[in-house]
Amino acid sequence: MQKIISSRGITSRRHAEELITEGRVTCNGQVCHLGDCADPDVDRILLDGKPLPSKTGDVYIMLHKPRGYVTTLSDEKGRPNAAQLLTGCGVRVYPVGRLDMDSEGLLLFTNDGAFANMLAHPKHQVEKVYQVTVNGFSAEGLDRLRQPITLDGYRIKAPDVAVISPPKTQNGKARLQVTIHEGRNRQVRRMCAMAGMEVVRLVRVREGCLSLGNLSRGQWRYLTEEELNRLKK
């Protein structure tokens with residue numbers, strides 16, 4: 001049932017589960033429970049007494065998220081969220097993964113819950129590539145950054161790290177390219193901090209087969225059919 005609700009662009013699957021638990025969803029006059037199944041083409045499904053909207057076509061969007069925007073759609077501090085930049089999209093979409101408020105770059109949005117879950121699932125280990133500007137760079141720190149570490153009780157794979165621009169000043173400011181295979185909370189920033197480096201700018205430039213390219217900050221575009229097919233494979 002939660003999959004049906006999320007497919008209509010109303011809310012995420014997780015929030016749909018909450019709506020069901022709260023008794024706000026009925027099917028053919030009966031209050032629904034988690035685990036219930038239905039056929040939306042045959043059964044009468046209501047949310048708060050109102051029929052679900054017609055299914056919209058699946059939408060897949062790449063946004064170049066600027067700094068200063070949170071990824072979450074509901075922020076208790078009232079800060080601007082990245083979804084507000086998707087003017088003209090026409091349907092309710094949700095972020096796939098996250099970028100923290102101070103980070104920027106490639107961020108995917110979709111209303112296809114199955115697709116989002118596929119990309120986010122750890123077993124697929126979708127590569128994420130970041131260009132990272134740091135202070136405090138050192139050869140010893142670089143060696144530490146290239147080692148596998150434990151975050152949140154989870155042993156992450158050693159990242160691939162390349163030096164794009166070595167330090168030229170006393171503060172050790174350098175530019176790195178960091179490739180990770182997981183998506184722990186603020187993972188790159190925390191890895192750099194453990195290696196004695198402070199991140200001053202972080203830009204995600206690639207996710208899987210998708211590259212940010214020349215998409216300007218704050219702009220978005222639909223994924224091409226070829227990009228979508230490559231991601232699903």
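Computed from a predicted structure; not experimentally measured.

Let us now look at the overall build of the chain. What the chain contains, in helices and strands, is six helices and 15 strands. Expressed along its principal axes, the backbone C-alpha trace of the chain runs to roughly 70 × 40 × 35 Å. Taken over 233 residues, the chain has a buried fraction of 43%. Looking at the chain alone, contacts between residues at least 24 apart form 65% of all its contacts between residues at least 6 apart. In the form shown here, the chain has an accessible surface area of approximately 12500 Å², with 47% of it arising from carbon and sulfur atoms. Put simply, the chain has 35 plus and 26 minus side-chain charges, and the middle of one group is 5 Å from the middle of the other.

Summed over the entire model, instances satisfying the criterion amount to ten salt bridges. The closest approach of N and O atoms between Glu127 and Arg206, which form a salt bridge, is 3.1 Å. Of this pair, Glu127 sits in the loop between helix H3 (113-120) and strand E8 (128-135) while Arg206 sits in strand E13 (residues 198-207), and the two are 79 residues apart along the sequence. The partly exposed category is assigned to Glu127, whose relative accessible area is 28%. Shared partners join several salt bridges into a network, and the residues in it are Glu22, Arg24 and Asp48.

Before going further, it helps to examine the environment of Pro167. As for its placement among the helices and strands, Pro167 is situated in the loop between strand E11 (160-165) and strand E12 (174-180). Once the C-alpha coordinates of Pro167 and Leu108 are considered, the two residues, 59 residues apart in sequence, prove to be 32 Å apart.

The subject of this paragraph is the nonpolar core. One finds Val132 and Val134 to be the most contacted residues of the largest nonpolar core, which totals 33 residues. Mapped onto this core, the elements with two or more residues apiece are strand E5 (60-65), strand E7 (104-110), E8, helix H4 (139-145), E12, helix H5 (187-194) and E13. Ranked by residue count, the leading element in this core is E12, at four residues. Leave out the neighbours within four places in its chain, and Val134 touches Gly172, Lys173, Ala174, Leu176, Cys192, Met197, Glu198, Val199 and Val200. Judged by nonpolar contacts, the second largest core, of 18 residues, contains Tyr60, Ala116, Leu119 and Leu223.

Next up on the list: the packing of H3 against helix H6 (residues 225-232). Where H3 contacts H6, the axes come no closer than 11 Å and their chain directions differ by 55°. In this view, H3 runs oblique relative to H6, as classed from their interaxial angle. Within the contact between the two elements, H3 uses Phe115, Met118 and Leu119 and H6 uses Leu228, Leu231 and Lys232. Tallied by class, residues from the contact of H3 with H6 come to five nonpolar, no polar and one charged.

Thresholds, definitions, all that
- Residue numbers run consecutively from 1 along every chain, following the written order of its sequence.
- Only residues with pLDDT of 70 or above have their local features reported here, since the model is predicted, and side-chain atom pairs are shown and tallied only from 80 upward, although totals for entire chains, interfaces and linings are computed over all residues.
- Derived side-chain values reflect all non-hydrogen atoms in the structure, with water molecules and hydrogen atoms excluded from consideration.
- A run of H or I in DSSP counts as a helix once it spans at least four residues, and a run of E counts as a strand once it spans at least two, with each numbered from the N terminus.
- Summary of the burial criterion: residues with accessible area below 20% of their type's maximum are buried, those above 50% are exposed, and those between are partly exposed, where the area comes from a 1.4 Å probe applied to protein chains only.
- Contacts: residue pairs with any heavy atoms within 4.5 Å of one another.
- Note that accessible areas follow from Shrake-Rupley with a 1.4 Å probe, and for residues the cover is restricted to the protein chains shown.
- Neither His nor the chain ends is counted toward charge; the positive residues are Lys and Arg and the negative residues Asp and Glu.
- By convention, the point assigned to a charge is CZ for Arg, NZ for Lys, CD for Glu and CG for Asp.
- A pairing counts as a salt bridge when a side-chain nitrogen of Lys or Arg comes within 4 Å of a carboxyl oxygen of Asp or Glu.
- What is meant by a nonpolar core is a set of buried Ala, Val, Leu, Ile, Met, Phe, Trp, Tyr and Cys residues, joined one to another through side-chain atoms within 4.5 Å.
- Helix axes are fitted only over the stretch in contact, all axes being lines through C-alpha atoms; the angle between N-to-C directions runs from 0 to 180 degrees.
- Angle categories are assigned with fixed cut-offs, so that under 35 degrees is roughly parallel, over 145 is roughly antiparallel, 65 to 115 is roughly perpendicular, and the rest are oblique.
- Throughout, the ten residues Ala, Val, Leu, Ile, Met, Phe, Trp, Tyr, Cys and Pro are labelled nonpolar, Asp, Glu, Lys and Arg are labelled charged, and all others, Gly among them, are labelled polar.

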